[in-house]
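# Per-entry structural report
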Amino acid sequence: MTNPRNILISGASGLVGQPLCAALEARGHKVRTLSRSDHGDYQWDVGKGELDPKVMDGVDVVIHLAGETVAQRWSEEAKARILNSRVDSAKLLVDAIMRQSKRPAYISASGISYYGVDSAVPVDESTDSGQGFLAGVTREWEGAAQPLVAAGVRVAYMRTGIVLSKQGGALAKMLTPFKLGLGGRIGSGEQKMSWISLPDLVNAYVFAAENDSVCGPINAVAPQPVTNRVFTKTLGIVIGRPTLFPMPKAVIKTLFGEMGEETVLSDLGVLPLRLTEHGFEWKFPKLDQALRETIYQDN
Ligand SMILES: NC(=O)c1ccc[n+]([C@@H]2O[C@H](COP(=O)([O-])OP(=O)(O)OC[C@H]3O[C@@H](n4cnc5c(N)ncnc54)[C@H](OP(=O)(O)O)[C@@H]3O)[C@@H](O)[C@H]2O)c1
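Residues numbered from 1 in each chain as written. Predicted model: local features only at pLDDT ≥ 70, side-chain atom pairs only at ≥ 80, totals over all residues. Heavy atoms only, no water.

### Digging into the sheet that holds strand β11 (residues 216-220)
Spatially, β4-β3-β2-β1-β5-β6-β7-β11 is the arrangement adopted by the eight strands of the open sheet, whose pairing is mixed. A single partner strand is all that each edge strand has here, and the edge strands are β4 (50-51) and β11. Direction of pairing for strand β3 (residues 42-45) relative to β4: antiparallel, over a ladder of two bridges. Counted as the bridge partner of W44 is L51 from β4. Helix α2 (residues 76-98) rests against β1 (6-10), β2 (30-35), β3, β4, β5 (61-64) and β6 (105-111) of the sheet, and its axis sits at about 170 degrees to β5. (Pairing = 2+ DSSP bridges. Helix = DSSP H or I, 4+ residues; strand = E, 2+ residues; numbered from the N terminus. Contact = heavy atoms within 4.5 Å. Axes fitted to C-alpha atoms, helices over the stretch in contact; angles between N-to-C directions.)

### Thoughts on the environment of G17
Locating G17 in the fold gives a position in helix α1 (residues 17-26). According to the relative accessible area criterion, G17 is buried, its value standing at 1%. Once the C-alpha coordinates of G17 and V163 are considered, the two residues, 146 residues apart in sequence, prove to be 13 Å apart. Setting aside residues no more than four positions away along its own chain, G17 makes contact with G11, A12 and L65. (Buried < 20%, exposed > 50% of the residue type's maximum accessible area, 1.4 Å probe, protein only.)

### A closer look at α1
Counting along an α-helix, one turn takes 3.6 residues, and residues three or four places apart therefore face a common direction. For α1, the full list of buried residues reads G17, L20, C21, A23 and L24. Buried positions in α1, seen along its axis, are confined to an arc of 165 degrees and lie on one side of it. Turned more than 90 degrees from where α1 packs its buried face, Q18 and A26 sit exposed. Tucked inside the fold, the buried residues of α1 contact β1, β2, β5 and α6 (198-210). Trailing α1 by a residue or two, G28 shows a phi angle of about 90 degrees, which is positive. (Arc of directions from axis to C-beta.)

Next up, the structure:
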């Protein structure tokens, strides 16, 4: 157990933020939340560049989760919101950290989409960034912390894969058709999916918050990416339903447009090299365990 830390979390009301706050508090840390609404302990208005000036007082670690949801049709306006809500908010936090005499560490959410939409070979943290809108967003989002890196502040980017949850994200959307026996692989099913259970993602953030040696890009994924075909078959077994109805790629493109191409259809086998090197232990390293935990436990 490390010393209790004062931890500021933006976007704490979201899918990751809620269980993360609970996990940090359970380990004795003091959490303060930053929100657009009164529900947070502190408020900000990213569009207006406004941040409560007291927000950093005594803070040891900042965790930046806030960002407009990616799971929507990507109109030009939506793309601007997805980008600006992450990059402008990161700049506000980074400026505030730079003004502190004792600067807190900065841990930012990021995504495996940093690596693009597909890769023929396994991807680790040394792999270059790839093509696509989300790859550009993650480069700018991470890049906003450059002043901190240059000043020698500890900075970590949690390049997160597909988070398994009943509450939101890809699995939540898949569960209803799969439970009705209408599920199946997408396209050829050969595209790789790099996933992580929500409890393991939360633990990875806690690990990063508590360990001063954790810095730079961190792939927040389980150790074994699987093909969409294996994911589909495993989900079918876990819920006891057949998975006989493949979804053609063209249907995904029609339903979700560019968003579908860069998320549902992406093909990235991402390896968590840095977490492994740091000795991080996954509670749910195997997909069937992770799906059982996600679907049948209260989380
Ligand atoms: N979940 C995943 O599968 C996944 C995968 C890869 C990366 N990530 C990244 O990890 C972070 C956390 O994910 P999550 O699933 O917890 O996200 P989430 O449930 O969508 O929550 C994000 C939080 O950000 C704030 N927010 C939303 N729109 C905003 C806007 N336009 N401007 C400023 N703040 C806004 C909200 O907090 P307030 O209402 O309190 O302000 C919201 O609760 C996100 O940045 C996400 O991109 C998630």
